Amino acid sequence: MTSSASPEPVVAVVVAAGSGVRLGAGAPKALREIGGRALVAHAVNALAAGGVTRVVVVSRLELADDFDRALADATIPWTLVGGGAERQDSVANGLAEVARVEPGARHVLVHDAARPFVPATVVAAVVDALRAGAPAVIPVTPVVDTIRALSGGPGASAVVDRSVLRAVQTPQGFDLATLVRAHQHVRSEGLAVTDDAMACEAIGAAVTLVEGSRDALKVTDPFDLEIAEAVWQRRRHLTGETR
Ligand SMILES: Nc1ccn([C@@H]2O[C@H](COP(=O)(O)OP(=O)(O)OP(=O)(O)O)[C@@H](O)[C@H]2O)c(=O)n1
Ligand SMILES: C[C@](O)(CO)[C@H](O)COP(=O)(O)O
């Protein structure tokens, strides 16, 4: 007799509560539109295409009505919670909501709304590695430029071996209990982390790397928005999607 149990839910926290300072004046970054759809909606749909079944979107609550409209036709269920002063605080708020809406979840992804076009294959690779038992999984891409580290006096620098460097992306995937414990540790120790894998490493969890994609670029400044538009145009012509 084979089990017909449905696969376990895969929940994601989508962090969208940043100020978008580097992007400059205009609509909040997560609500900027490409192809008539907000970046946060593209990000949620990208996660759904990779197997995510529910999302908790962490936003600036004063923008809740705008997020409701932006996510009205999202392809999976979502709930909205308020963000915090730093990205790690927003993640912590999202994790608290995950415990409320999906109490049985064992795994969680954390994704930047600022990475709207992560390919489904990358999302699926993160989920697969989690299901294979990894406590923390991050997508990474090679570094393509020659890199120098600033060192010593003014103008001093030294080349760094780029073959051992990787650029880290999201969605990052975690054993949920591990990530919750990691964020408790970060908060109690007053640590600042720029991603959630750092938090898990701080409590000794091993971090597994999977192949990322340049399509998963983070929209940080106006140039990135132009690149993201080009990624969307390419996808639109390949898939015929109109939005
Ligand atoms: N307090 C914060 C800060 C960031 N983020 C989210 O974390 C992701 C990555 O952050 P970043 O690209 O730095 O976005 P911003 O912080 O908005 O950008 P900036 O630093 O230019 O203000 C974004 O989706 C952003 O919305 C968040 O939810 N809460
Ligand atoms: C989480 C992240 O996208 C991984 O590269 C990155 O650390 C976010 O940094 P930001 O300064 O909050 O954009």
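Labelled according to an unreviewed UniProt entry, the protein appears under the name 2-C-methyl-D-erythritol 4-phosphate cytidylyltransferase, originating from Raineyella antarctica. Here is the UniProt Sequence similarities (unreviewed entry) comment for the protein, exactly as written: "Belongs to the IspD/TarI cytidylyltransferase family. IspD subfamily." As recorded by UniProt, the Function (unreviewed entry) comment attached to the protein reads in full: "Catalyzes the formation of 4-diphosphocytidyl-2-C-methyl-D-erythritol from CTP and 2-C-methyl-D-erythritol 4-phosphate (MEP)."

In this section: the overall build of the protein. From N to C terminus, the protein includes 7 helices and 12 strands. Computed over the C-alpha atoms, the radius of gyration of the protein is 18 Å, within 12% of the 18 Å expected from 2.2 N^0.38 for a compact globule of 243 residues. Counting only C-alpha atoms and orienting by the principal axes, one finds that the protein spans roughly 65 × 40 × 40 Å. Split into buried and exposed, the 243 residues of the protein put 46% on the buried side. Pairs at least 24 apart in sequence give 70% of the contacts found in the protein among residues at least 6 apart. When the accessible surface of the protein is totalled, it reaches about 11900 Å², and 54% of it is carbon and sulfur. Computing the positive centroid from 23 side-chain charges and the negative centroid from 27, the protein places the two 2 Å apart.

Arg22, Arg87, Asp112, Arg115, Val168, Thr170, Thr194, Asp195 and Lys218 make up every residue found near ligand 2. Lysine 218 has a polar side-chain atom sitting 2.6 Å from an oxygen atom of ligand 2.

This part is about the pairing of strand E8 (residues 147–150). With 4 bridges connecting them, E8 and strand E9 (residues 157–160) associate as antiparallel partners. Bridged to alanine 149 within E9 is alanine 158. Counted along the chain from E8 to the antiparallel partner E9, the turn is 6 residues long, and its residue glycine 152 has a positive phi close to 70 degrees.

Calculation rules
Residues numbered from 1 in each chain as written. Chains lettered and ligands numbered in written order. Predicted model: local features only at pLDDT ≥ 70, side-chain atom pairs only at ≥ 80, totals over all residues. Heavy atoms only, no water. UniProt positions renumbered as here; feature names shortened; annotations may be inferred. Helix = DSSP H or I, 4+ residues; strand = E, 2+ residues; numbered from the N terminus. Rg over C-alpha atoms; globule rule 2.2 N^0.38 Å. Buried < 20%, exposed > 50% of the residue type's maximum accessible area, 1.4 Å probe, protein only. Contact = heavy atoms within 4.5 Å. Areas by Shrake-Rupley, 256 points an atom, 1.4 Å probe, with all protein chains shown as cover. Lys, Arg positive; Asp, Glu negative; His and termini not counted. Charge placed at Lys NZ, Arg CZ, Asp CG, Glu CD. Near = heavy atom within 4 Å. Polar contact = N/O pair within 3.5 Å; in protein donor to acceptor, adjacent residues only side chain to side chain. Pairing = 2+ DSSP bridges.

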